[in-house]
Each structure stands twice: as C-alpha cells, then as structure tokens.
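Structural features, examined
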Amino acid sequence: MVRVRRFRYSRNLQKRPLGEANTSRMNARAPKGTTDMLPDVARAWEHMNRVAQSLFARYGYEPIYNPLLEHTEVFTRGIGEATDIVAKEMYTFEDRAGRSLTLRPEGTAGVVRAALEHTLVQQGSSAKYYYSGPMFRYERPQKGRMRQFWQIGVEVLGAAEPSADAEVIALLVRYFQSLGIPDDRMTLLVNSMGDDACRPAYRDRVADYIRARSTGLCEECERRAETNPLRAFDCKNPACVEIMAEAPLLRDELCDECAEHYSAVKAHLDLLGLPYREEPRLVRGLDYYTRTVFEIQAEGLGAQNGIGGGGRYDRLMEEYGGPPTPGLGFALGFERTLLAMESAGVEVPAPARAEVYVARVDESVADEVFALTQRLRDGGVAAEMDHQARSLKSQFKQADRLGVRLALVVGPDELAANEITVRDMQAKDETRVARASVVETVRAALG
Ligand code: HAM
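What the eight strands build is an open sheet, ordered β2-β6-β7-β12-β11-β10-β8-β9; its pairing is mixed. At either end of the open sheet lies a strand with only one pairing partner, and these are β2 (62-63) and β9 (277-278). In this fold helix α6 (residues 162-179) packs onto β6 (127-136), β7 (148-157), β8 (186-192), β10 (290-298), β11 (306-312) and β12 (327-333), with an angle of close to 15° to the strand it touches most, β12. Contacts from helix α10 (residues 256-271) reach β8, β9, β10 and β11, with the element oriented near 40° to β10.

Of all hydrophobic cores here, the largest spans 102 residues; its most connected members are F56, Y175, F176, F233 and F330. Ranked by the residues each element gives to this core, the list is headed by α6, at 11 residues. For F233, the residues in contact, after removing those within four places along its chain, are Y202, V206, M244, A247, P248, L249, R281 and V283. Membership of the second largest hydrophobic core comes to 19 residues, among which are M385, V433, V442 and L446.

Here the focus is the domain arrangement of the protein chain. Segmentation of the protein chain into domains returns domain 1 (39-198 + 254-343) and domain 2 (356-446). Once you take the C-alpha centre of each, domain 1 and domain 2 turn out to be 50 Å apart.

Let us now look at unusual backbone geometry. In this structure, T119 is a non-glycine residue whose phi angle is positive, near 45°. Along the chain, the position of T119 falls in the loop between α5 (108-117) and β6. The residue R291 is not glycine, and still its phi comes out positive at about 55°. In this structure, R291 sits in strand β10. The class of R291 is buried, set by a relative accessible area of 16%.

Moving on: the packing of aromatic side chains. Scanning the model with the defined rule gives 10 aromatic pairs in all. With 4.9 Å between their ring centres and 70° between their planes, Y288 and Y289 make a pair best called edge-to-face. Neither residue differs from the other here; Y288 and Y289 are each classed as buried. Connected via pairs of aromatic rings, a cluster forms that spans F56, Y61, Y130, Y175, F176 and F330.

Before going further, it helps to spend a moment on the sheet that holds strand β17 (residues 419-424). If you trace the five strands from one edge of the open sheet to the other, you get β15-β14-β16-β17-β18, paired in mixed fashion. In the strand order of this sheet, the two ends are held by β15 (383-385) and β18 (430-434), each with one partner. In this sheet, neighbouring strand axes are inclined to one another by 30° on average, regardless of whether the strands run parallel or antiparallel. With three bridges joining them, strand β14 (residues 356-360) and β15 adopt parallel strand pairing. Each residue of the ladder has a partner; that of V358, found in β15, is M385. Packing against the sheet, helix α14 (residues 392-402) makes contact with β14, β15, β16 (406-410) and β17, and its axis sits at approximately 175° to β14.

With that settled, the discussion passes to the site of the ligand. As a matter of local geometry, the ligand sits amid 26 residues, with E106, T108, E139, E155 and Y289 nearest to it. At a separation of 2.9 Å, a nitrogen atom of the ligand approaches a polar backbone atom of M146. Within the side chain of Y288, one N or O atom sits 3.0 Å away from a nitrogen atom of the ligand. Mapped by element, the contributors of at least two residues to the shell around the ligand are β7, β11 and β12. For the shell around the ligand, the leading source of residues is β11, giving six residues. Taken together, the residues of the shell around the ligand sort by class into nine nonpolar, 10 polar and seven charged.

With that settled, the discussion passes to helix α2 (residues 39-58). Spacing of three or four residues puts side chains on the same side of an α-helix, whose turn is 3.6 residues. The end-to-end C-alpha separation of α2 is 29 Å, in line with the 28 Å expected for 20 residues at 1.5 Å each. V41, A44, W45, H47, M48, N49, V51, A52, L55 and F56 are the residues of α2 that are buried. Two residues or fewer after α2 comes G60, characterised by a positive phi angle close to 85°.

For the rest of this paragraph, the subject is the pairing of β7. Among the 10 residues in β7, eight count as buried, and that is most of the element. Where β6 lies against β7, 10 bridges are found, and the strand directions are antiparallel. From the neighbouring strand, S132 faces β7, where its bridge partner is I152. Strand direction decides the pairing type here: β7 and β12, joined by seven bridges, are antiparallel. If you follow V156 over to β12, its bridge partner there is L328.

In the structure shown here, the tally under the stated rule is 30 salt bridges. Here E430 makes a salt bridge to R423, at a shortest N to O gap of 3.0 Å. Classification of E430 by relative accessible area gives partly exposed; the value is 45%. The network of salt bridges with shared partners includes D84, K88, E220, R223 and R224.

Conventions we followed
Residue positions are given per chain, counting from 1 as you read along its sequence in written order. Predicted model: local features are reported for residues with pLDDT of at least 70 only, side-chain atom pairs are reported and counted for 80 or more only, and whole-chain, interface and lining totals are derived from all residues. The basis for the side-chain values is all heavy atoms of the structure; hydrogens and waters are excluded. Any two strands with at least two DSSP-identified bridges between them are counted as paired. The secondary structure listing takes helices from DSSP runs of H or I that are at least 4 residues long and strands from runs of E that are at least 2 residues long, numbered from the N terminus. By definition in these notes, contact holds between two residues if any of their heavy atoms fall within 4.5 Å. A fitted line through C-alpha atoms serves as each axis, taken over the contacting stretch for helices, and the angle formed by two N-to-C directions is quoted from 0 to 180°. Take the buried Ala, Val, Leu, Ile, Met, Phe, Trp, Tyr and Cys residues and link them wherever side-chain atoms come within 4.5 Å; each set so joined is a nonpolar core. In this scheme, a residue with accessible area under 20% of its type's maximum is buried, one over 50% is exposed, and one in between is partly exposed, where area comes from a 1.4 Å probe on protein chains only. Start and end points for every domain follow an automatic or database-based domain assignment. Two rings belonging to Phe, Tyr or Trp (six-membered ring only in the last case) form a pair when the distance between their centres is within 6.5 Å. Interplanar angles under 30 degrees mark stacking, angles over 60 mark edge-to-face geometry, and anything in between is tilted. Residues are classed as near a molecule or strand on a simple rule: at least one heavy atom within 4 Å of it. In protein, a polar contact requires one atom able to donate a hydrogen and another able to accept it; more generally it is a pair of N or O atoms within 3.5 Å, and residues adjacent in sequence count only if both atoms are side-chain atoms. Under this grouping Gly is polar, as are all residues other than the nonpolar Ala, Val, Leu, Ile, Met, Phe, Trp, Tyr, Cys and Pro and the charged Asp, Glu, Lys and Arg. Expected helix span is given by 1.5 Å per residue-to-residue step, counting one fewer step than there are residues. When a carboxyl oxygen of Asp or Glu lies within 4 Å of a side-chain nitrogen of Lys or Arg, that pair is called a salt bridge.

Printed below as a string of structure tokens:
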C-alpha cells in the first residue's frame, strides 16, 4: 500500500520573522522570489519527477540536462527581444572574461542550442527529450510566481505532423492526470499562432487596431503596438481586456497551410477524446511559437493558473543558424502544479520511514550496535540507531516516534549468548534470535 501524508505547500513558502537577536547575523533569508524546498516539498518534487520519468519513457523521451547558464544571445534570439522575459526578466551578467551570460528563464532555447551544437537531429529524423530543473525570471513574486521556479518539460525535434502536436498535448494532460489532478479541475486551451506566411500581416492589423484606440489602452500596450502588438492580448488591465476583446483574431486570417494544420491537430485531439477549448486570444509569452500553442489552466490558483503550456517552434533552429528543423514541446511549473494538487486535495507519497530501531542497553555494546545497523541497511532494511548515548527508555521512545515495527535490543547478556533480542513494537513481545542470522530473520519478519 502506498502511504500518503497531507502536506501544505503554501506553508513551505511562508517566511518567518528572524527576530531581534538575529539583526547582527548574516541575512539568513533566501533571496526574494526564491524558497528552500523543505523535505515535504522536496519529496513532492521527487515524486513529480518519478511520475514524469516513467510516463515520458512510455512515449519514447530521453533525458537531457543543459547548463543553467547560456550565452545571452540564446535567449534574446530565441525567445525574442520584445518579450517581457527578455526585456525585463532575465538574470544577465558578465563573467570574469566579459562574456554576457544569462541564467536560463526557460528550457526550450537551451535544448535547441544543444541539438544544433551536437547535431542531435539528422535531416529527416526526429528526437525526443525531457528535462527538469530550475528556471529564473525576475518577476514580481506572488502566489504561483517565483523568481527561481522549477519546470519539467519535453521537446520534440524534427516532427512536423499535426499528430505530433496532439501527442505532446495528450502527454501533458496524461501527466497531470497521473499526478491525480481531477479532469474537472483542469481546462486545456488551444490556439494557432500562424506562421511567417500569415502572422506578419495579422500583427500589422493588430498594431493598427491598437494605434487607433491608443487613448483607451494602458501605456505598456500603447508601446506594444510598436514592439510586440500580440502581447496586448495578455494584458490584465480591464480597459485593455475590453478593447482587445474586439481585436481581429488570427484564427480568421490563418493561411491555408496553418488552418489545415490547426484543424488536423484538433481532429487528433478529438480522436483521443481529449476535451479542449479553443482560445483565439491565447498568445503565450515567447516569440518562437509558430502554429499550435496550448496551455492547461487549473482551478483554485488565482491569477497564475497556467500550470503548463507549450507549442510549436518550427523556426527556432534556423534562428540559431541551423538547418530547418521543426520543433514542439511543453513545460509545466512545479510550484503551480503542487498548488493545484493541494487545492484539489491530492496527496503525495509519505516519506520512507525506518522499519527497525537498534537499541543498546549500555555503552559497552556501542560498536556492535553501530556495525549491526550498517549490516541491516546493507541488507536492504531501513534501520535507525542512537548517536547521542541516550538511555534505553529514551531510545524506545525514539523508536516509537519513528513508528518502527521492530526494535533490536543489544546488551552484554545478548552478546554473551551470541543472540539479539527482537521486540515487536505493536505486539510488545520479545524473542531472542541468533546474532549471525539476525538480518535474515528481520527481513523475513518484515515480509
Ligand atoms: P511558459 O509558459 O513560460 O513556457 O512556462 C511553462 C510553465 O512554467 C508555466 O505554465 C508555469 O506553470 C511555469 N512558470 C512560468 N513562469 C513561472 C514563474 N515565474 N513562477 C512559477 N512558475 C512559472 C515555457 O517556459 C516554454 N519553454 C514551454 C515550452 C516548451 N514550449 C515549447 N516547449
């Protein structure tokens, strides 16, 4: 049976006051927008990674781990100079040799850069990778929005067919389902961003639309008309939302190839019986997208409700100077996913606990206890012992606290008889077993 334990991720995020006495000490707080993953949360992260590894392997993905640092150009060229991420949110610095480096704000750009560097995709072939790790964006922290956050993502390089889009979307849905998030607490949104054939003319139309109404829009959106007009669809300002609700939609202006691709993606989603909502204003915050984009939003998270999202980026490899190589993928945010799990009452596996406690009657048998505990662990038994010379009574109390099933008691009497006392902590009965075969006896007793 899988043991579970209630956890509260939001509690992990709370910062406690450090108190008067600490004022002369070093600042012990983690930097703003970052947090320590304390054991309950770290265990949830490991659980999420394990679920990802076993599920993604079934879809043929291989692991890839890129540097946390990249040359800044990887992101400025890839994500786009006019995006919020590149314009305002990157942690960029010069190293000691004067190179401009950036802490990765996302994983896609690094995977595509690596694919180009190591020629991972031969012409006509395809490759599938997954990754997990920390990302960095200098955003205003709030619930579900951190400056260092953790993502799990996949990238498929070389596949242009719409069935690949549907497969990637289905994988993201299946992942959240595998974690136990109920279907009725998630909404899948899909859209098409068009391509170089249809998007430039549409962008100009949106820019003209914004300029014609600039007095009603916020200053940022006014500026966006000149730099990145489609970002105005993402503005949360109520006046901008109202104006953008009437803006022309790319859905109505897709070129034939993009419209056909989009229809085929939706047909494949229908084939799998995956419910989705078309959201023609879904633009996402990265400029590398072409054609399909998607996002999964979860209940109970407030404003930051996008737990995972992605799309197609067929021009990104060429943008880096590589051969034409279609690509697509997704990333999901660990913190938001955990908040979604918490708000849906989903539980994560409880910590593995010690099964056996090795107690000593007095210090004369300390070495025997130390060696026996190691023998148990080497034999695959989760065993614990005392390192603080506590009394036998305190050792039993600790064994109770740990919830072990068996306590092994070692004393001078036992050693003289070449035996160990085995105490069943629930039944409270004791038996003596041969010292040489105690590990096998304990394993058999634990089943
Ligand atoms: P993204 O939508 O920017 O896409 O991020 C993916 C997920 O990361 C979001 O859905 C959210 O859960 C989480 N996330 C983003 N920013 C933060 C933050 N500041 N704090 C906490 N969580 C955050 C990408 O990153 C693309 N690379 C996805 C992709 C892969 N597209 C194609 N392949």
